[in-house]
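Examination of the molecular architecture
Residue-level listing of the chains:
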Amino acid sequence: MKVKAILIGAIGIILLFGILLTPKLKTILKTTPSDEFIQLMYDGGGRELTQEQLKQYKDDINQELIKLKHRQSFGKIYLSLGKIASLEEAYEDSNNYLLNVISPGSHTNKMIDLKVYETLAVNYIAMGDIEKGYFYFNEANNVAYQLRDAELTASFYQLFSETLLNYTNHTSFPIYLLGEAVELTNDYYKKIQLRKQLASVYELNGFFDLALNEFIRALDMSVEKGYVDLEIKILGRLSLSYYSNQRYQESIEVINRYFELSPDDPDLIYVSLWLHNHYYLYGYESIQEELKSLEEATSNLSIEQKIQYLIFIDFNQAFFLHSDGRYEECEMYIRKLQELKTQTTVSDLTSLLIDKMKLDLEYDRGNQEIDYVKEYRQLLSDLQLTNDSVERKRLIIDNVLLHLLELGDYETVYQYTTDLQKPVNQEVRAISFIMAMIQNSDNSHYLSKNNITSMVLKLGGYLLTALAGMGVTYGAYRYNSYFKSLKQKAKESTIFDPLTKTLTKEALYETLELEIELGHNEIYYFLLIDVNDLSSYNESFGYLAGDKVLIEISNLLKIYFPNAYISRHYGQHFIVVIKKSNEEELLKLITSLINEISNNEKISAKRPITCCIGVSKGYLTNTLDIDEQIKLATKKLQISKQRGTGSCTM
């Protein structure tokens with residue numbers, strides 16, 4: 001009984017202490033809003049919060065601040081409020097909160113320090129203060145090194161690389177950061193995301209083979225692990241990569257798989273990609289039914305949504321018509337786009353794309369009333385000032401630079417490529433800082449949870465030196481090779497007809513003028529070839545079929561006259577210029593060519609194709625002689641047409 005009484009007494013005392021201590025325990029163990037938000041940050045989920053959720057957290061944490069009784073909690077509260085302000089893009093307010101956390105006399109822990117420095121680095125980069133951004137990156141990296149937490153460091157590297165890509169031209173350093181993050185994380189979901197991002201940065205830097213390799217590795221991992229959401233995103237991005245490399249068949253195969261897995265309402269960018277692939281593979285007519293279906297689908301949408309869809313449809317129509325050389329129809333769609341633009345809110349980039357398409361159209365039509373150098377310079381400036389990511393703007397900017405090169409404005413392009421070198425120096429300094437930090441450390445392991453072996457770390461200095469060298473090398477590439485490649489593209493675009501790969505008329509003149517300058521005193525034969533009734537052929541079988549006819553005829557011309565200058569002269573005409581020819585043998589070749597065109601299965605599969613040819617000959621002593629020979633060949637061609645299809649007049 002005595003023992004029983006003692007036990008009952010003990011239980012009573014425990015219950016009494018429990019009752020007395022419950023309020024205190026509740027205070028100690030209770031998870032506060034700031035604790036919850038910070039944990040969310042550590043788990044990498046803060047950036048996915050909506051504006052409403054951020055506002056709710058901010059209100060709750062401010063209430064927590066009002067009731068605060070212990071100064072040691074100031075750090076986590078100010079960190080939370082600073083991070084929320086950063087996510088709301090209120091960077092000045094965010095910095096004020098965060099600088100209070102690390103002010104002299106404040107007491108924090110390393111985990112909080114890491115997030116404070118990380119957020120300050122992001123804020124200053126977003127505000128355009130690159131030096132301070134890199135300063136706080138180095139501070140954060142020091143803390144990460146001391147913490148030896150692989151997952152936190154991987155998240156930090158991922159966030160900073162995304163910030164650099166969104167707000168700067170720094171595209172070399174993110175390769176290092178994302179590559180390290182891939183190795184650091186053991187979370188397969190995050191590893192796949194990082195590989196996808198790394199692939200995008202490789203592509204942005206012009207390393208297309210490396211980009212495709214990373215995309216495919218990420219895709220294989222997502223399929224293996226069953227992450228369908230990631231598989232959809234990677235398929236979309238991989239299809240874009242194939243498209244940018246002009247691998248249209250592979251791109252369309254990947255995009256079809258994307259549509260199989262994606263929700264009923266896929267991203268319009270991939271619908272556009274599907275259309276562009278089909279256009280380049282099968283021609284303008286092949287995408288009309290799809291565009292019509294999209295337009296019909298807008299009937300059930302709200303007015304705002306309908307306008308957005310119509311902008312998408314009309315923009316693509318204008319693009320395809322422009323590419324097809326159907327300028328009047330293209331202009332009609334551009335006018336519709338400009339009208340629709342006034343009825344809704346469109347992004348700055350979309351607005352500039354519409355303006356660029358209008359300018360490109362006038363440029364290709366040869367409108368001499370426009371100062372194209374001035375207009376393209378302004379467009380380049382406006383594109384650089386938009387808030388869109390570098391990745392989204394890059395291809396458009398490249399195309400504008402190409403036009404400026406064609407116009408002979410080398411100074412603007414040179415200045416642009418020179419400016420691209422400046423970020424490389426800051427990126428190399430950041431890599432060198434990390435290298436020095438590792439080399440000066442007494443600890444042979446960077447991160448205790450990292451799967452990088454000590455042997456790799458011993459070689460880390462060499463690796464980082466190589467990466468730094470890559471940064472410098474890429475800077476030189478941007479400064480020199482990139483400029484040269486643009487010039488080469490500009491040169492090629494004026495030399496070769498994009499459809500038939502024969503010389504443009506301008507290139508033909510330049511070539512013949514060079515022959516004149518070299519003093520080649522020889523007889524030249526000019527063959528003006530007209531493909532009969534191609535317009536009616538296009539109406540019957542579509543422009544794609546007509547394009548194929550022109551391509552096959554140009555291929556035959558290259559076979560029959562391998563040493564001649566062959567040029568596409570307007571839509572369905574070709575000029576072939578031959579020197580040192582035996583007239584009798586030339587006539588036999590022309591007769592054989594006319595018969596071949598009529599009987600060739602690739603050319604005359606749908607219906608027989610015929611042509612007429614006019615031939616002139618003479619010496620070339622100046623540019624006027626070239627014009628004279630073409631006029632004579634044109635007169636001879638008219639005679640051939642009067643004589644009937646399949647005729648040649650010399």
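What counts and how
Residues numbered from 1 in each chain as written. Predicted model: local features only at pLDDT ≥ 70, side-chain atom pairs only at ≥ 80, totals over all residues. Heavy atoms only, no water. Helix = DSSP H or I, 4+ residues; strand = E, 2+ residues; numbered from the N terminus. Buried < 20%, exposed > 50% of the residue type's maximum accessible area, 1.4 Å probe, protein only. Areas by Shrake-Rupley, 256 points an atom, 1.4 Å probe, with all protein chains shown as cover. Expected span 1.5 Å × (residues − 1). Polar contact = N/O pair within 3.5 Å; in protein donor to acceptor, adjacent residues only side chain to side chain. Contact = heavy atoms within 4.5 Å. Phe/Tyr/Trp six-rings, centres within 6.5 Å; stacked < 30°, edge-to-face > 60°. Lys NZ or Arg CZ within 6 Å of the ring centre and 35° of its normal. Salt bridge = Lys/Arg side-chain N within 4 Å of Asp/Glu carboxyl O. Core = buried A, V, L, I, M, F, W, Y, C linked by side-chain atoms within 4.5 Å. Pairing = 2+ DSSP bridges. Disulfide = S-S within 2.5 Å.

Remarks on the overall build of the protein
Assigned secondary structure in the protein consists of 29 helices and 5 strands. Counting every position in the protein, which comprises 650 residues, the buried fraction comes to 47%. As displayed, the protein has an accessible area near 33,800 Å², and 53% of this comes from carbon and sulfur atoms.

Details of unusual backbone geometry
Note: most residues except glycine have negative phi, and most peptide bonds are trans. Residue Gln 246 is not a glycine yet carries a positive backbone phi of 60°. Structurally, Gln 246 is set in the loop between α12 (228–244) and α13 (248–261). Phi at Lys 501 takes a positive value of approximately 60°, unusual for a residue other than glycine. Structurally, Lys 501 can be placed in the loop between α24 (460–495) and α25 (505–517).

Considerations on helix α8 (residues 150–167)
For α8, which comprises 18 residues, the first-to-last C-alpha distance of 26 Å matches the rise-based estimate of 26 Å (1.5 Å per residue) to within 8%. Counted residue by residue, α8 has 15 buried out of 18 residues, so it is predominantly covered. The backbone nitrogen of Glu 151 has a side-chain oxygen 3.2 Å away, supplied by the residue at the start of α8, namely Asp 149.

Considering the side chain of Arg 195
Along the polypeptide, Arg 195 turns up in helix α10 (residues 188–204). The class for Arg 195 is buried, based on a relative accessible area of 9%. When sequence neighbours within four positions are dropped, the list of residues in contact with Arg 195 reads Val 182, Glu 214, Arg 217, Ala 218 and Met 221.

Concerning the packing of aromatic side chains
Under the counting rule described, the total for this entry stands at 26 aromatic pairs. An angle of 80° between the planes, with centres 5.0 Å apart, marks the rings of Phe 135 and Tyr 136 as edge-to-face. Where Phe 156 meets Tyr 157, the ring centres are 5.6 Å apart and the plane angle is 45°; that geometry is what we call tilted. Accessibility classification places Phe 156 together with Tyr 157 in one group, the buried group. Over the ring of Tyr 145 we find Arg 148; its NZ or CZ atom is 5.8 Å from the centre of that ring. Sitting over the face of the ring of Tyr 188, Lys 225 holds its NZ or CZ atom 4.1 Å from the ring centroid.

Regarding the pattern of salt bridges
Side chains bearing opposite charge may pair, as long as their charged atoms lie close to each other. Scanning the entire structure with this criterion turns up 21 salt bridges. In this structure, Glu 214 engages Arg 217 in a salt bridge whose closest nitrogen and oxygen atoms are separated by 3.6 Å. Taken together, the positions of Glu 214 and Arg 217, both in helix α11 (residues 208–225) and 3 residues apart, correspond to about one turn of that helix. Each of the salt bridges in this network shares a partner with another, and the network as a whole consists of Lys 83, Lys 115 and Glu 118.

Quick word on the nonpolar core
Residues Phe 37, Phe 137, Phe 160, Phe 173 and Leu 177 are the most contacted members of the largest nonpolar core, which totals 53 residues. Ignoring anything within four residues of it in the chain, the contact list for Phe 160 reads Ala 121, Ile 125, Gly 133, Tyr 134, Phe 137, Phe 173 and Leu 177. Phe 215, Leu 235, Ile 313 and Cys 330 belong to the second largest nonpolar core, which has 44 residues in total.

Some details on the sheet that holds strand β2 (residues 565–568)
Spatially, 5 strands are ordered β2-β3-β1-β4-β5 in an open sheet, and the strand pairing comes out mixed. Both edges of this open sheet fall to β2 and β5 (648–649), since each of them pairs with a single strand only. With 9 bridges connecting them, strand β1 (residues 523–531) and strand β4 (residues 611–619) associate as antiparallel partners. Each bridged residue has a counterpart across the sheet, and for Tyr 525 the counterpart in β4 is Lys 617.

Examining the environment of Leu 508
Inspection of the secondary structure puts Leu 508 in helix α25. For Leu 508, a relative accessible area of 0% corresponds to the buried category. Along the primary structure Leu 508 and Tyr 565 are separated by 57 residues, whereas in three dimensions their C-alpha atoms are 7.1 Å apart.

Details of the state of the cysteines
Counted by the stated rule, this structure contains 0 disulfides. With no disulfide of its own, Cys 611 lies closest to Cys 612 among cysteine sulfurs, the gap being 6.8 Å.

Notes on the environment of Leu 380
On the secondary structure map, Leu 380 appears in helix α19 (residues 372–385). Accessibility expressed as a relative area gives 4% for Leu 380, which makes it buried. The spatial distance from the C-alpha of Leu 380 to the C-alpha of Asp 398 is 9.4 Å, given a sequence separation of 18 residues. Setting aside residues up to four positions removed in sequence, Leu 380 forms contacts with Ile 397, Val 400, Leu 401, Leu 404, Thr 412 and Tyr 416.

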